[in-house]
Amino acid sequence: MSFSSNKPSLFMAIVAAVLLLVNIILFSTGNTTKAGPFMIAFWAVLAILFNRHTATKGFVYTLMIFTAVTTALFYPQPFTKPNGWDLSLLITPLIQVIMFGMGTSMSLRDFYGVVKMPAGVFIGITCHFTIMPLVGLLLATTLRFPPEIAAGVILIGSAPCGMASNVISYLARANLALSVTLTAVSTLLAPFLTPLLMQWLAGNYIEISVQKMMWDIAKMVIIPVAGGLVFNHFLSGRIGWLDKLMPKLSMAAIAFIIVIITAHGRESLLNVGLLLVLAGLAHNLAGYTLGYWFCRLIRMKEQDCRTIAIEVGMQNGGLASAIAKEMGKIATVGLAPAIFGPVMNITGSLLASWWHRRPPEGTEESEAVAEAAIFQ
């Protein structure tokens, strides 16, 4: 990235560098409490700087989340119980809005892939609901997290595919049709598979009520997604402003959920934060790696290998956070989903950039057709 011909960008880069230096000095001298405004400003300036360049625009949303999370860490009160009202009560309605938005971007055609690509769908779903939960259990056991933190690591591993995976698959020149189908199918299977996996793998850490969790997930997933599908079928394209608003509203809702969880779990996060970030990175990268190379081992097409790697590695952190809220453990079980989400956005964007520069041989689907498929 060159800033020499762009004075505003050069100025912001200098400001960001100065803010980073101030933060380093404050942290190294033990003045951590004074670093808040400078750390918040650093992430905000970096987001504005990245937004000015096409190559880095994909990281702006993640940097905005970092800005908000840093604010919640240093000043948690406005995001916990302002005026005595618990903001965590908003998490379930917010995830329902997100799921409704997901439904409005889908149609019954998205499920045709089960018939057209049964092997790819079966392998993708199997990899997703085996690799990530088991890696989560391995990390929770190896790193010896407190029981409820460990259960959160397993919970994010047992969640369905992340909603951002379709865009990442498109950018990575993967099989977009397979990606959309895997996201849809894994989301609809979540009310059944996630509670069973949690009882099996996390039952030693916390008490799990399978029936209650099934209903909690159903009301957060099945009902809103079904409503979104109905909306898309009858009203898609007729309310243009709403079609444009839903993706932005979903992104804002996810960010707000992460901020609420960060504020509520501040004390636990300060105790295990760095280790949890490293666990999130290891979990995410293991999903990409194991998903991709398993598919290569059984000789699947390169596009399908990329798709399944992304679908395995990217989890629905928002839904996992809402499940933690329904369990009454938002400040502990909810921490891993809140941290893993931004980590996935960063690694997913980097992986997509790497693969985008290396098109699979024999790719026939044009980028224009793929892009239209995402936003139909």
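Up top you'll find the structure we're talking about.
The notes below deal with the structure included here. Keep in mind that this is a model prediction, so the values were computed, not measured.

**Considering helix α15 (residues 317-326)**
A large share of α15 lies buried, amounting to 9 of its 10 residues. Of the positions making up α15, those classed as buried are G317, G318, L319, A320, S321, A322, I323, A324 and K325. Two residues or fewer after α15 comes G328, characterised by a positive phi angle close to 80°.

**Some remarks on the packing of aromatic side chains**
Inspection of the entire model under this criterion finds 6 aromatic pairs. The structure contains a cluster of three or more aromatic residues connected by ring pairs, namely F42, W43 and F66. The ring of W354 has R358 sitting right over it, with the charged end atom 3.4 Å from the ring centre.

**As for the packing of helix α3 (residues 60-74) against helix α16 (residues 335-356)**
Contact geometry of α3 with α16 gives a least axis separation of 9 Å together with a crossing angle of 155°. As judged from the angle between their axes, α3 and α16 are roughly antiparallel. Relative to α16, the crossing made by α3 is left-handed. Residues Y61, T62, I65 and F66 of α3 form the contact with α16, whose participating residues are P342, N345 and I346. Grouping the amino acids of the contact of α3 with α16 by side-chain chemistry returns 5 nonpolar, 2 polar and no charged.

**Re the packing of helix α9 (residues 176-202) against helix α14 (residues 302-313)**
Two numbers describe how α9 lies on α14: the axes approach to 9 Å, and their chain directions differ by 30°. Classified by the angle their axes make, α9 and α14 are roughly parallel. In the packing of α9 onto α14, the handedness of the crossing is right-handed. Judged by residue contacts, L178, S179, L182 and T183 of α9 engage D304, T307, I308 and E311 from α14. Residue classes in the contact of α9 with α14 are distributed as 3 nonpolar, 3 polar and 2 charged.

The rules behind these values
Residues numbered from 1 in each chain as written. Predicted model: local features only at pLDDT ≥ 70, side-chain atom pairs only at ≥ 80, totals over all residues. Heavy atoms only, no water. Buried < 20%, exposed > 50% of the residue type's maximum accessible area, 1.4 Å probe, protein only. Helix = DSSP H or I, 4+ residues; strand = E, 2+ residues; numbered from the N terminus. Phe/Tyr/Trp six-rings, centres within 6.5 Å; stacked < 30°, edge-to-face > 60°. Lys NZ or Arg CZ within 6 Å of the ring centre and 35° of its normal. Axes fitted to C-alpha atoms, helices over the stretch in contact; angles between N-to-C directions. Parallel < 35°, antiparallel > 145°, perpendicular 65-115°, else oblique. Left-handed = near helix turned anticlockwise from the far one by under 90°. Contact = heavy atoms within 4.5 Å. Nonpolar A, V, L, I, M, F, W, Y, C, P; charged D, E, K, R; others polar.

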